[in-house]
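Listed here are the chains, written in short residue letters.
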Amino acid sequence: MKKILAAGLFTAVSFTAFAQQFPGAIIAEFYMEAMSVPKGWELSYKGEENKIQVFTMNRDLDTYPQTAMLQPIDQMRRVMCGDDTLKDMVNQGVKVKVNTRDKVGGKVKSTNGPILSSC
């Protein structure tokens, strides 16, 4: 499964150079399926806002409070800077942001995250 996702990711990234579409949904799927993900975390792609590619990290901190010390931007850095093709995209000007939607005390709190603009 990991090889299939990686192949799809690279195909989409190659296609991106021609179509100018960011493969955000494929990147989120790759992160969820092929990478080590903190328990209770789920990454999704929201879309482009003001020329920034926006992801959302849903975190269940009620069930997995020990993961609260981890930062979603570090997870985004892992996926975007850990692959040469995605790293090149970031270094060539693609800006990525990961917002959080945290479940704490039975309530959901949303926070805008920082922007990743270089690796």
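Further up the page is the structure itself.
Bear in mind that the values here come from a model prediction, so they are computed numbers and not experimental data.

Here is what the cut-offs are and how they apply
- Residues numbered from 1 in each chain as written.
- Predicted model: local features only at pLDDT ≥ 70, side-chain atom pairs only at ≥ 80, totals over all residues.
- Heavy atoms only, no water.
- 1 Å grid on protein atoms, 1.4 Å probe; cavity = no way out; pocket = protein on both sides within 12 Å on 5 of 7 lines; lining within 4 Å.
- Points joined across faces, edges and corners; volume = space filled by probe spheres on them.
- Helix = DSSP H or I, 4+ residues; strand = E, 2+ residues; numbered from the N terminus.
- Nonpolar A, V, L, I, M, F, W, Y, C, P; charged D, E, K, R; others polar.
- Phe/Tyr/Trp six-rings, centres within 6.5 Å; stacked < 30°, edge-to-face > 60°.
- Buried < 20%, exposed > 50% of the residue type's maximum accessible area, 1.4 Å probe, protein only.
- Axes fitted to C-alpha atoms, helices over the stretch in contact; angles between N-to-C directions.
- Parallel < 35°, antiparallel > 145°, perpendicular 65-115°, else oblique.
- Contact = heavy atoms within 4.5 Å.
- Core = buried A, V, L, I, M, F, W, Y, C linked by side-chain atoms within 4.5 Å.
- Pairing = 2+ DSSP bridges.

A. Seen up close, the layout of surface pockets. Volume-wise, the second largest pocket comes out at about 170 Å³. For the second largest pocket, the lining is made up of 14 residues, of which R59, P72, T100, D102 and T111 are closest to its centre. Those elements giving two or more residues to the lining of the second largest pocket turn out to be α3 (72-81), β3 (95-104) and β4 (107-111). Looking at which element gives the most residues to the lining of the second largest pocket, the answer is β3, with 4 residues. Considering only residue class, the lining of the second largest pocket consists of 7 nonpolar, 4 polar and 3 charged.

B. Just the packing of aromatic side chains, in detail. For the coordinates displayed, the defined rule picks out 3 aromatic pairs. When the centroid spacing of 5.8 Å and the interplanar angle of 40° are considered together, the rings of F22 and Y45 count as tilted. Of the two residues, F22 sits in the loop between α1 (2-19) and α2 (24-34) while Y45 sits in strand β1 (residues 41-49), which places them 23 residues apart along the sequence. With a relative accessible area of 25%, Y45 lands in the partly exposed category. Between F22 and F55, the ring centres sit 6.1 Å apart and the planes meet at 75°, which makes this aromatic pair edge-to-face. Separated by 33 residues along the polypeptide, F22 in the loop between α1 and α2 and F55 in strand β2 (residues 52-60) bring together distant segments of the chain. Owing to a relative accessible area of 14%, F22 belongs among the buried residues under this scheme. Taking the relative accessible area as the measure of exposure, F55 reaches 0% and is therefore buried.

C. How the structure looks around the packing of α2 against α3. The geometry of α2 relative to α3 is characterised by a closest axis approach of 11 Å and an angle of 105° between their N-to-C directions. Our classification of the angle between α2 and α3 gives roughly perpendicular. Residues I27, F30 and Y31 of α2 form the contact with α3, whose own contacting residues are Q75, R78, V79 and M80.

D. Representation of the nonpolar core in the model. Residues L43, F55, M76, V79 and M80 are the most contacted members of the largest nonpolar core, which totals 22 residues. Counting only elements with at least two residues in this core, the list comes to α2, β1, β2, α3, α4 (84-91) and β3.

E. A look at the pairing of β2. In terms of residue burial, β2 counts as a mostly covered element, since 8 of its 9 residues are buried. Strand direction decides the pairing type here: β1 and β2, joined by 8 bridges, are antiparallel. Bridge pairing links E42 to N58 in β2. Where β1 hands over to β2, the hairpin turn is made up of 2 residues, of which N50 adopts a positive phi near 55°. Where β2 and β3 come together, 9 bridges link them in parallel fashion. The residue of β3 that forms the bridge with I52 is K95.

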